[in-house]
Amino acid sequence: MKTVVPFISAASDGERQAWRDVLPAALEEVAEVKPFEALTEEERLAAKVAIVANPDPAEVAALPALVWVQSLWAGVERLCADLPENGPRIVRLTDPQMAETMSEAVLAWTLYLHRDMPRYRLQQEKKIWQDHVLKLPQERTIGVLGLGKLGAAAALRLKTNGFDVAGWSRSEKVLEGISCFHGEDGLAAILNRSDIIVLLMPLTVETKGLIGEKALQHCKKGAALINFARGPILDAKALIAALDRGDLSHAVLDVFNEEPLPQSDPLWGHESVTVLPHISAPTITTTASRIVARNIGRYFETGTVPESVDRKRGY
Ligand code: NAP
């Protein structure tokens, strides 16, 4: 008989169904995936690993033997906030396909800013025929804040496309061809030299509100910003003030404090803001479920829990 692995999710019906369509087949050889509500009492008490996507914390707590949870998302700030520190270990989704997709998005929106598309769009609305000086990619420094699985892939892709690339992380890093910075001084230094700043760090106690008035003062005059990380890392009020003053030229925002972005939010109508509905790197159910199957299969074979979140660091 196959071991039962609970699937716990309070996501939308559509999202839950999408996972229910792929997870059982992907895990067919290693386990039987069952929604939490379908578990028998015996299965609930025996479960050592569960697959979670925006789970109700009470349902996670109702599995007393749980050793670890496999998240279906890359960002785990909500799980870290919801699950007790002495609770099950949290394994986030790390999918090379997601790094590819994110690096493609970073490249696409960097090119959008690099080739002045927002400005030409505005000119078209006003029927203005006017060209602007074309800069070469190597004349633009792109600062990638967060050099993890996604940030490092994005930085390397930008480099391959000819941009001058700098990166910033918590600990010291060496990436070939990328100027690497770290720590508080490193943040001021990278902001100071970047023409386009890409946020790709996790939301933690340390990064919440980090890109606010003080940090934005370090930015180059006329720099642009892309937030593909999490809304609360960027102080939206400070951003709007910097855009209105002309200190920043444009912001591409994919993530917000509240999602969907409320209709009344001033970001919607701001001419220097491009609003995206959290689409830069969605989880791809097919590749993600293969990774989940591999992680859980290996755990059943060897007892090894995949690399999990450091609860003190928050990522
Ligand atoms: P990751 O592999 O954990 O990497 C995180 C990076 O951020 C690391 O380089 C880390 O530094 C750095 N960092 C963390 N805290 C820092 C701090 N206080 N100061 C400076 N650097 C700090 O994460 P990832 O897989 O690349 O994902 C990054 C984030 O992208 C996720 O947490 C998620 O929120 C977001 N995301 C967004 C989407 C979307 O569709 N918009 C999709 C997927 C993920 P060290 O290298 O020193 O540890």
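This write-up is about the structure you can find in this document. The structure displayed is predicted, hence computed values, not measured ones.

Another aspect to go through is the site of the ligand. If you check the shell around the ligand, you find 30 residues, and the closest are Arg92, Leu150, Ser171, Lys173 and Tyr315. Look at the ligand: alone it shows 940 Å² of surface, and the protein chains cover 93% of it. Those elements that provide at least two residues to the shell around the ligand are helix 5 (96-114), helix 7 (149-160) and strand 7 (164-169). Sort the elements by how many residues they give to the shell around the ligand and helix 7 lands first, with three residues. Within the shell around the ligand, the residues separate by chemical class into 14 nonpolar, nine polar and seven charged.

Within strand 10 (residues 223-227), five of the five residues are buried, leaving the element largely enclosed by the surrounding structure. Alignment of strand 9 (residues 196-199) against strand 10, held across four bridges, turns out to be parallel. Looking at the pairing, Ile196 lines up with Ala224 of strand 10. Regarding the hand of the β-α-β motif, the stretch spanning strand 10, helix 10 (residues 236-245) and strand 11 (residues 248-253) is right-handed.

Below, the discussion takes up the sheet that holds strand 6 (residues 141-145). Through backbone hydrogen bonds, the strands of a sheet pair up, either in parallel or in antiparallel fashion. Pairing in this open sheet of seven strands is parallel, and the strands run 8-7-6-9-10-11-12 from one edge to the other. The open sheet is flanked by strand 8 (179-182) and strand 12 (273-275), the only strands paired with a single partner. Taken over all neighbouring pairs, the strand axes of this sheet differ in orientation by 15 degrees on average, direction set aside. Lying over the sheet, helix 5 contacts strand 6, strand 9, strand 10, strand 11 and strand 12, oriented at roughly 150 degrees with respect to strand 11.

Glu259 connects to Pro260 through a cis peptide bond whose omega is -5 degrees. Relative to the assigned elements, Pro260 resides in the loop between strand 11 and strand 12. With phi around 60 degrees, Asp116 is a residue other than glycine that occupies positive phi space. Relative to the helices and strands, Asp116 is located in the loop between helix 5 and helix 6 (117-125). Even without being a glycine, His278 presents a positive backbone phi close to 50 degrees. With a relative accessible area of 35%, His278 lands in the partly exposed category.

The next point concerns the sheet that holds strand 2 (residues 32-35). Read from one edge to the other, the open sheet built from five strands follows the order 2-1-3-4-5, with strand pairing classed as parallel. The outermost strands of the open sheet, each flanked by one partner alone, are strand 2 and strand 5 (89-91). When the angles between neighbouring strand axes are averaged without regard to direction, this sheet yields 30 degrees. Sheet analysis places strand 1 (residues 4-9) next to strand 2, joined by four bridges and oriented parallel. When the sheet's bridge partners are listed, Phe7 is paired in strand 2 with Pro35. Running over the sheet, helix 1 (residues 13-26) touches strand 1, strand 2 and strand 3 (49-53) and is turned about 165 degrees from strand 1.

Reading guide: rules and limits
- Residues numbered from 1 in each chain as written.
- Predicted model: local features only at pLDDT ≥ 70, side-chain atom pairs only at ≥ 80, totals over all residues.
- Heavy atoms only, no water.
- Near = heavy atom within 4 Å.
- Areas by Shrake-Rupley, 256 points an atom, 1.4 Å probe, with all protein chains shown as cover.
- Helix = DSSP H or I, 4+ residues; strand = E, 2+ residues; numbered from the N terminus.
- Nonpolar A, V, L, I, M, F, W, Y, C, P; charged D, E, K, R; others polar.
- Buried < 20%, exposed > 50% of the residue type's maximum accessible area, 1.4 Å probe, protein only.
- Pairing = 2+ DSSP bridges.
- Right-handed = clockwise from strand over helix to strand, strands pointing away.
- Axes fitted to C-alpha atoms, helices over the stretch in contact; angles between N-to-C directions.
- Contact = heavy atoms within 4.5 Å.

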